[in-house]
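Architecture at a glance
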Amino acid sequence: ILSLDVSQNALTIQFDATCGVCTVRLDPSVDSLIFSSPLVDDSKCKSLAEGLGIMSTSLTELNLSISFIGDEGVVALASAFATNHKSLTSLDLSSNRIGEEGTAVLASTLAQNQTSLTTLKLRYNKIGDGGVVTLADGLIANHMSLESLDLCGNRIGDQGAVALGNALARNHKSPPKSLDLGANAIRGEGLTALVVDQSLEILDVGSNNFGDDGAAALATAFATTHKSINVLGVFDNKIGDDGAMELAKVLARSHKSFESLELFDNKIGDVGATALAGALAKNRFVDSLDLSCNRIGVKGAIAIADALAENRFLHVLNISCNEIEDEGALAIAKALQSQKSLTDLELNDNSIGDNGAFRLATMLRSNSVLRSLDLCDNDEMTEEGLEALGRAMQHNRVLDRLQLPVGLVDCPWTRHVHFFTVCNKIRLWNVLQDENAMIPWHKVLSVLIDGPVPLCPQGKWGNNTTFGLSMVFLLLQNRPEIIHGDGTELSSTAIT
């Protein structure tokens, strides 16, 4: 056994009260143990620690998340780590009751024993600023090769963030690449410390409620450092237009800024969206931008469309759950007719009706780059708009994911759209153009059966027979030679 998962079981660890010996003996060959269960408390964690302490080999992964482990249990685990398991690379203690004391002991033990730990998850505990200070001193400042640190939801404020930032700056040998501090209470001072003079690649400070002032502090900090963060998560922070304009200044810099910027679930309106769009037009580094769940209207959408017309580097854009309406969709569709980089576009829940669908359909006839388009929850769209999209898909050879409003799922044109996205997904058109290519029948059948549209709710073939015959007819129409020869291309199983 190389990996043992006993999470969510009623019986986790049985302890023999007569002799005080743990009745669960771990196979010495196990190197990955997942023991996630709400029944694992401090006493059971101590029993598990005893079992870990006598193992002849070392674990590389230990997951004890979603349990009731407190400081006492963590101290017991630390004792086991002190005598064994120096090869541990991943430790997940998320969603427990670990406080400052347990964090201090754990950090000290792991640092002193020079484990190979690269991933440490402590999200949703009770660490607080005091625990983070000890963690920073014990782990990062001692040059451990930690690559990912998750401290989301731990009541951390500026004091803890500053300590962590200072430790990051001092660790020049092997600083973490990914840091998650979401769902805490970090403000300007802490945000500044996390950005300046460190080598983070991924920083998540979402759900800290720091507002426009925090966004301004981040922008100022980025302006004073030549280092960049590839992925910045500042979602759910009550950032409005003022904060968005400050972050736009970072995007407008000539040298590298972000590759992915997550601004969803804020309060950004047309003014902030226009500022971000203006910076995006000239930006050469942003690959993904998420502005979903904000307050962007038609004017903001038009500004974004203008930016798309100039930008040649953005691949993913999410502006779902805003109010861009038909006029905004028209502007974006027009920009995408000549845009050559965007592959994923999320427009769901934007009050887009048939007029927007008509313009998007026109775009799909000529666009040769877009792979995914989400139009869910645009309930203003009717069968007329869907028909336009369906007819456009007859000419599109790239789009393999088109999400439609749920209210139109039973419309015949929905099946039509699904048919052509399936063809694109299995690259059928390339096969048809190549006389020597083998037709991927196994892919055809698997996509037909497991496709995103429930063609037959009863789980039987039903209408799928018609759908499958349509696919076969299309193939035979384009490749009539497959019904001749030795039958290697069209097997008897596929015909059946």
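Use the structure listed above.
Right, let's walk through the structure included here. (Residues numbered from 1 in each chain as written. Predicted model: local features only at pLDDT ≥ 70, side-chain atom pairs only at ≥ 80, totals over all residues. Heavy atoms only, no water.)

1. A look at a positive patch on the surface
Formally: Patch membership requires over 30% relative accessible area and the absence of a salt bridge. Like charges are linked within 9 Å, and nonpolar side chains (Val, Leu, Ile, Met, Phe, Trp, Tyr) within 5 Å. For accessible areas, the Shrake-Rupley method is used with a probe of radius 1.4 Å. Any residue's cover is judged against the shown protein chains and nothing else. Throughout this description, the term salt bridge denotes a Lys or Arg side-chain nitrogen within 4 Å of a carboxyl oxygen of Asp or Glu. For the charge count, each Lys or Arg is scored as positive and each Asp or Glu as negative, with His and the chain ends excluded. Charge positions are represented by NZ for Lys, CZ for Arg, CG for Asp and CD for Glu. Where helices and strands are cited, they refer to DSSP runs of H or I of at least four residues and of E of at least two residues respectively, numbered from the N terminus.
A contiguous patch of positive charge on the surface is contributed by Arg187, Lys238, Lys267 and Arg295. Residue position: arginine 187 is located in the loop between strand E9 (178-180) and helix H6 (188-195).

2. Quick notes on the side chain of aspartate 400
Put simply, the rule is: Two N or O atoms form a polar contact when they lie within 3.5 Å of each other; inside protein one atom must be a possible hydrogen donor and the other a possible acceptor, and for residues adjacent in sequence the pair counts only when both atoms belong to side chains. Here, residues are in contact when the closest pair of their heavy atoms is within 4.5 Å.
Tracing the backbone through its elements, the reader meets aspartate 400 in the loop between helix H13 (383-393) and strand E17 (401-403). A distance of 2.6 Å separates the side chain of aspartate 400 from the side chain of arginine 371, its partner in a polar contact. Residues contacting aspartate 400, with those up to four places away along its chain left out, are Arg371, Thr421, Asn424, Lys425 and Arg427.

3. So, the pattern of salt bridges
Across all of its chains, the model carries 10 salt bridges by this definition. Measuring nitrogen to oxygen at the nearest pair gives 3.3 Å for the salt bridge that ties glutamate 72 to lysine 46. With glutamate 72 in helix H2 (residues 71-83) and lysine 46 in helix H1 (residues 42-53), this residue pair connects regions lying 26 residues apart in the sequence. Between aspartate 137 and arginine 170 there is a salt bridge, with its nearest N and O atoms 3.8 Å apart.

4. A few points about helix H8 (residues 241-251)
As a reminder, the rule being used: Each residue is assigned to one of three classes by its accessible area relative to the maximum for its type, calculated with a 1.4 Å probe on protein chains only: buried under 20%, partly exposed between the two thresholds, exposed over 50%. Here, the arc refers to the directions that run from the helix axis to the C-beta atoms.
Listed as buried for H8 are Gly243, Ala244, Leu247, Ala248, Val250 and Leu251. Each buried residue of H8 lies within a common arc of 150 degrees when the element is viewed along its axis, so the set occupies one face. Against helix H7 (211-223), strand E12 (260-262) and helix H9 (270-282) lie the buried residues of H8.

5. Digging into the packing of aromatic side chains
Note the following rule: Ring geometry is summarised as follows: Phe, Tyr and Trp rings, the Trp one being its six-membered ring, pair when their centres sit within 6.5 Å, and such pairs are stacked at plane angles under 30 degrees, edge-to-face over 60 and tilted between the two.
Under the defined criterion, the tally for this structure stands at 2 aromatic pairs. The interplanar angle of 85 degrees and the centroid separation of 5.1 Å between the aromatic rings of phenylalanine 222 and phenylalanine 258 together place this pair among those described as edge-to-face. One end of the pair, phenylalanine 222, is in helix H7; the other, phenylalanine 258, is in the loop between H8 and E12, with 36 residues separating them in the sequence. Overall, the relative accessible area of 1% leaves phenylalanine 258 in the buried class.

6. Considerations on a negative patch on the surface
Among the surface-exposed residues, Glu323, Glu325, Glu327, Asp349, Asp377, Asp379 and Glu380 lie close enough to one another that they form a single negatively charged patch. With respect to the secondary-structure elements, glutamate 327 resides in helix H11 (residues 325-336).

7. Observations regarding the nonpolar core
Proteins that are soluble and globular tend to have nonpolar side chains buried together. Quick reminder of the rule: Within this scheme, the nonpolar core is defined by two criteria: the residues are buried Ala, Val, Leu, Ile, Met, Phe, Trp, Tyr or Cys, and they are joined through side-chain atoms within 4.5 Å.
Ranked by internal contacts, the top residues of the largest apolar core, which has 121 residues, are Leu62, Leu91, Leu151, Val234 and Leu347. If we ignore the near neighbours within four places in the chain, the residues touching leucine 347 are Ile319, Ser320, Ile324, Ile332, Ile352, Leu360, Leu373, Asp374, Leu375 and Asn378.

8. Section: the side chain of asparagine 322
Position of asparagine 322 relative to the elements: it lies in the loop between strand E14 (316-318) and H11. A relative accessible area of 2% means that asparagine 322 is categorised as buried. A polar contact is formed between the side chain of asparagine 322 and the backbone nitrogen of asparagine 294, at a distance of 3.2 Å. At 3.1 Å, the side chain of asparagine 322 forms a polar contact with the backbone oxygen of isoleucine 319. In contact with asparagine 322, other than residues within four places in its own chain, are Leu291, Ser292, Cys293, Asn294, Arg295, Ile296, Asp349 and Asn350.

Such coordinate-based values are descriptive only and should not be taken to indicate function.
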